[in-house]
Amino acid sequence: MAISNFFYPLNSTLRPLLHSTFLNSSFTQLNLTKKSIYPTRKPRRTHINAQSNGSGSADASDRLISAVCYFYPFFDGIQYGKYVITQFTPMQALIQPLVPAIRVFKSFPFNGFLVFLTLYFVVVRNRNFTRYVRFNTMQAIVLDVLLIFPDLLERSFNPRGGWGLDLLMILDSTVFLFLLVSLVYGSSSCLLGQVPRLPIVAEAADRFLDLKY
């Protein structure tokens with residue numbers, strides 16, 4: 001199949017760029033006094049509002065930009081799907097429309113890094129974009145950065161057969177499926193004007209935006 005032939009050379013030539021409570025009664029009064037002087041501060045959780053046009057939902061342009069950003073980590077980690085894609089025909093049919101865009105993305109070794117710089121400096125650090133757009137863009141960037149870990153593991157653990165190869169296939173397939181689910185969930189939520197929150201990734205994106213901007 002055409003898509004099967006596409007992924008094998010792609011994989012061989014590409015390497016992606018990175019409380020305990022006091023029970024002693026003698027301290028009870030002291031603790032109450034301290035609480036009255038220094039009230040407990042509740043942790044602040046940032047709420048991302050999809051509203052950007054005053055109508056209760058994000059602008060169409062904000063939705064589109066946010067949705068497109070989730071293709072970045074998927075394209076950058078497409079090589080992890082070499083086992084799933086080549087073994088399951090429905091998956092090949094699903095990925096086939098994206099092959100031209102993937103070829104363009106993979107045509108130059110530093111395309112992924114250039115896209116990273118563009119998204120980070122042009123979108124995330126640009127206050128002209130709404131927080132909704134910058135949050136979703138930052139989620140996509142964090143997700144792509146996390147691909148460093150399976151890449152390092154694959155570089156250091158490169159079995160040729162046996163149970164080691166089975167483990168590698170499971171790892172790669174798991175990473176690919178997570179990227180695919182993130183793409184579908186993230187992009188569809190953005191197109192609907194909702195705020196997708198990916199596990200681990202969302203908290204990291206929130207903290208970064210709160211810290212810097």
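Residues numbered from 1 in each chain as written. Predicted model: local features only at pLDDT ≥ 70, side-chain atom pairs only at ≥ 80, totals over all residues. Heavy atoms only, no water.

1. Structural notes on the overall build of the chain
- Helix and strand counts for the chain stand at twelve helices and zero strands.
- The order of helices and strands in the chain, counted from the N terminus, is α-α-α-α-α-α-α-α-α-α-α-α.
- With 213 residues in all, the chain has 40% of them scored as buried. (Helix = DSSP H or I, 4+ residues; strand = E, 2+ residues; numbered from the N terminus. Buried < 20%, exposed > 50% of the residue type's maximum accessible area, 1.4 Å probe, protein only.)

2. Details of a nonpolar patch on the surface
- Taken together, the side chains of Leu153, Phe157, Trp163, Leu167 and Ile170 define a hydrophobic patch exposed on the protein surface, amounting to about 530 Å² of accessible area.
- No other element matches the three residues that helix 11 (residues 162-191) contributes to the nonpolar patch.
- Looking at where Leu153 falls in the secondary structure, it is placed in helix 10 (residues 148-156).
- Residue classification places Leu153 among the partly exposed residues on the basis of a relative accessible area of 41%. (Patch = residues over 30% accessible without salt bridge, like charges linked within 9 Å, V, L, I, M, F, W, Y side chains within 5 Å. Areas by Shrake-Rupley, 256 points an atom, 1.4 Å probe, with all protein chains shown as cover. Salt bridge = Lys/Arg side-chain N within 4 Å of Asp/Glu carboxyl O.)

3. Section: the packing of aromatic side chains
- Scanning the entire structure with this criterion turns up eleven aromatic pairs.
- Centre to centre, the rings of Phe157 and Trp163 are 6.4 Å apart; their planes meet at 40 degrees, and the pair counts as tilted.
- On the accessibility criterion, Trp163 (64% relative accessible area) is exposed. (Phe/Tyr/Trp six-rings, centres within 6.5 Å; stacked < 30°, edge-to-face > 60°.)

4. Looking at the nonpolar core
- Membership of the largest hydrophobic core comes to 40 residues, with the highest contact counts inside it found for Phe74, Ile78, Met91, Ile95, Val124, Met138 and Phe176.
- With eight residues, the top contributor of residues to this core is helix 9 (residues 131-145). (Core = buried A, V, L, I, M, F, W, Y, C linked by side-chain atoms within 4.5 Å.)

5. Focus on the side chain of Thr137
- Structurally, the position occupied by Thr137 is in helix 9.
- From its side chain, Thr137 meets the backbone oxygen of Val133 in a polar contact 2.8 Å long.
- Beyond its immediate chain neighbours, meaning those up to four positions away, Thr137 contacts Cys69, Leu119, Val123 and Val124. (Polar contact = N/O pair within 3.5 Å; in protein donor to acceptor, adjacent residues only side chain to side chain. Contact = heavy atoms within 4.5 Å.)

6. Here's the deal with the UniProt feature "transmembrane region" (unreviewed entry) in the chain
- Listed under "transmembrane region" (unreviewed entry) in the UniProt record, and renumbered for this structure, are residues 104-123, 135-153 and 165-185.
- End C-alpha to end C-alpha, residues 104-123 measures 22 Å, and it is 80% helix and 0% strand.
- Between the end C-alpha atoms of residues 165-185 there is a gap of 30 Å, over a span that is 100% helix and 0% strand. (UniProt positions renumbered as here; feature names shortened; annotations may be inferred.)

7. Points about the packing of helix 8 (residues 111-124) against helix 9
- Interhelical geometry of helix 8 versus helix 9 gives an angle of 155 degrees and a closest axis separation of 10 Å. Relative to helix 9, helix 8 is oriented roughly antiparallel. The way helix 8 lies across helix 9 gives a crossing that is left-handed. Here Phe116, Leu119, Tyr120, Val123 and Val124 of helix 8 come into contact with helix 9, specifically with Val133, Arg134, Thr137, Met138, Ile141 and Val145.
- A breakdown of the residues in the contact of helix 8 with helix 9 according to their chemical character gives nine nonpolar, one polar and one charged. (Axes fitted to C-alpha atoms, helices over the stretch in contact; angles between N-to-C directions. Parallel < 35°, antiparallel > 145°, perpendicular 65-115°, else oblique. Left-handed = near helix turned anticlockwise from the far one by under 90°. Nonpolar A, V, L, I, M, F, W, Y, C, P; charged D, E, K, R; others polar.)

8. Details of helix 7 (residues 99-106)
- For helix 7, the complete set of buried residues consists of Val99, Ile102, Phe105 and Lys106. Along the axis of helix 7, the buried residues cluster in a sector spanning 120 degrees; they form a single face. Looking at helix 7, the residues exposed on the side facing more than 90 degrees away from the buried face are Pro100 and Val104. (Arc of directions from axis to C-beta.)

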